[in-house]
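The chain contents come next:
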Amino acid sequence: MIQNIPKDKQLILFDGVCNLCNSSVVYVIKRDKNDRFRFAPLQSEIGQNVIEKFKINTENTDSILLYDPKEDKITYKSTAALKIAANLNFPINILSFFLIVPVFIRNWVYDYIAKNRYQWYGKKESCMIPTPELKSKFLE
């Protein structure tokens, strides 16, 4: 299944039941003018395949993963979020400047938000179902 990911795209895996994550995906889709990203919930079959391939402990990393099939590389947490932002248009791309901040500081902030995301933003009963016009951006 991982081999079906287009090599010229990066796959964003997100928590499909998290309202903050779903809103973030819609935000990225609207600003992905160069069509660099594809999306799938962590809970999907392809999400589970990536998790298994990279032996990711979902107890420690449960919110966002960025998979680059060209390099067969995974990034997660704040690094993934900032690398995604770097590929979007101005002004959001300037957030990539924060990549110079040490990872342990960035991930502390990221983990704090991730730990509270359901309480602050809510949770869905099931994964987001993309609208017909967005369906081509999602891998199943």
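Here the residue numbers are simple positions, counted from 1 along each chain's written sequence. Owing to the predicted nature of the model, reporting of local features is limited to residues with pLDDT of at least 70; listing and counting of side-chain atom pairs is limited to 80 or more, with chain, interface and lining totals taken over all residues. Note that water and hydrogens are dropped before the side-chain values are worked out from all heavy atoms of the structure.

Q: An account of the pattern of salt bridges is requested, with residue identities and associated values reported.
A: For salt bridges, the criterion is a side-chain nitrogen of Lys or Arg within 4 Å of an Asp or Glu carboxyl oxygen. Applying the stated rule across the entire model yields five salt bridges. Lys9 is paired through a salt bridge with Asp8; the nearest N and O atoms lie 3.9 Å apart. Owing to a relative accessible area of 11%, Lys9 belongs among the buried residues under this scheme. In this structure, Lys9 and Asp35 form a salt bridge, with 3.2 Å as the shortest nitrogen-oxygen distance. Taken together, the residues span a long stretch of sequence, with Lys9 in the segment before strand S1 (10–14) and Asp35 in the loop between helix H1 (19–31) and strand S2 (37–41) at a distance of 26 residues. Only protein chains enter the accessibility calculation, which uses a 1.4 Å probe. A residue is then buried if its area is under 20% of the maximum for its type, exposed if over 50%, and partly exposed in between. Per the convention used, a helix needs a DSSP run of H or I reaching at least four residues, while a strand needs a run of E reaching at least two, with both numbered from the N terminus.

Q: Hey, could you go over the sheet that holds strand S4 (residues 73–76) for me, with residue numbers and the actual values?
A: For two strands to be treated as a pair, DSSP must find no fewer than two bridges joining them. Across the sheet, which stays open at both edges, the four strands sit in the order S2-S1-S3-S4 with mixed pairing between neighbours. The outermost strands of the open sheet, each flanked by one partner alone, are S2 and S4. The average angle at which neighbouring strand axes cross in this sheet is 25°, direction not considered. Two elements, S1 and S2, share five bridges in a ladder whose sense is parallel. What sits directly across from Phe14, in S2, is Pro41. Note on method: axes are straight lines fitted to C-alpha atoms, helices fitted across the in-contact stretch only, with angles between N-to-C directions ranging 0 to 180 degrees.

Q: Which residues make up the pairing of S4, and what values do they have?
A: One ladder, built from four bridges, connects strand S3 (residues 64–68) with S4; its direction is antiparallel. Counterpart to Leu65 in the pairing with S4 is Tyr76. Turn length for the S3-S4 hairpin, with the two strands adjacent in sequence and antiparallel, is four residues, and the turn residue Asp72 shows positive phi of about 50°.

Q: Go over unusual backbone geometry, please, and point to the residues and values.
A: Between Phe90 and Pro91 the backbone carries a cis peptide bond, its omega angle lying at 10°. Inspection of the secondary structure assignment puts Pro91 in the loop between helix H3 (77–86) and helix H4 (103–121).

Q: Report on the nonpolar core, specifying residues and quantitative values.
A: What tends to happen in soluble globular proteins is that the nonpolar side chains get buried as a cluster. Take the buried residues of types Ala, Val, Leu, Ile, Met, Phe, Trp, Tyr and Cys, join any two whose side-chain atoms come within 4.5 Å, and each joined set is a nonpolar core. Ile12, Val28, Phe37, Phe39 and Ile84 are the most contacted members of the largest nonpolar core, which has 18 residues in total. When residues of this core are traced back to their parent elements, those giving at least two are S1, H1, S2, S3, H3 and H4. By residue number, the principal contributor to this core is H1, which donates four residues. Contact between two residues is taken to exist if any of their heavy atoms lie within 4.5 Å; hydrogens are not considered. The contacts of Phe37, once residues within four sequence positions are left out, are Gln10, Ile12, Val28, Asp32, Leu66, Ile84, Asn87, Leu88 and Lys137. Judged by nonpolar contacts, the second largest core, of 14 residues, contains Ile2, Leu11, Leu13 and Ile74.

Q: Please give an account of the pairing of S1 that cites residues and values.
A: The buried fraction of S1 amounts to five of the five residues, a majority that puts the element mostly inside the structure. Judged by which residues are buried, S1 turns out to be covered on both faces: Gln10, Ile12 and Phe14 on one side and Leu11 and Leu13 on the other are all buried. Looking at chain direction, S1 and S3 are connected through four bridges and run antiparallel. Paired with Leu11 across the bridge in S3 is Tyr67.

Q: Outline helix H2 (residues 45–53), supporting the account with residue identities and numerical values.
A: If you check which residues of H2 are buried, you get Ile46, Gly47, Val50 and Ile51. All buried residues of H2 fall inside an arc of 140° around its axis, so they share one side. Exposed positions of H2 whose direction lies more than 90 degrees from the buried face are Glu45 and Glu52. Elements that come into contact with the buried residues of H2 comprise S1, S2, S3 and S4. At the exit of H2 stands Lys55, carrying a positive phi of roughly 50°. Starting at the helix axis, one direction is taken to each C-beta atom, and the arc is that of these directions.

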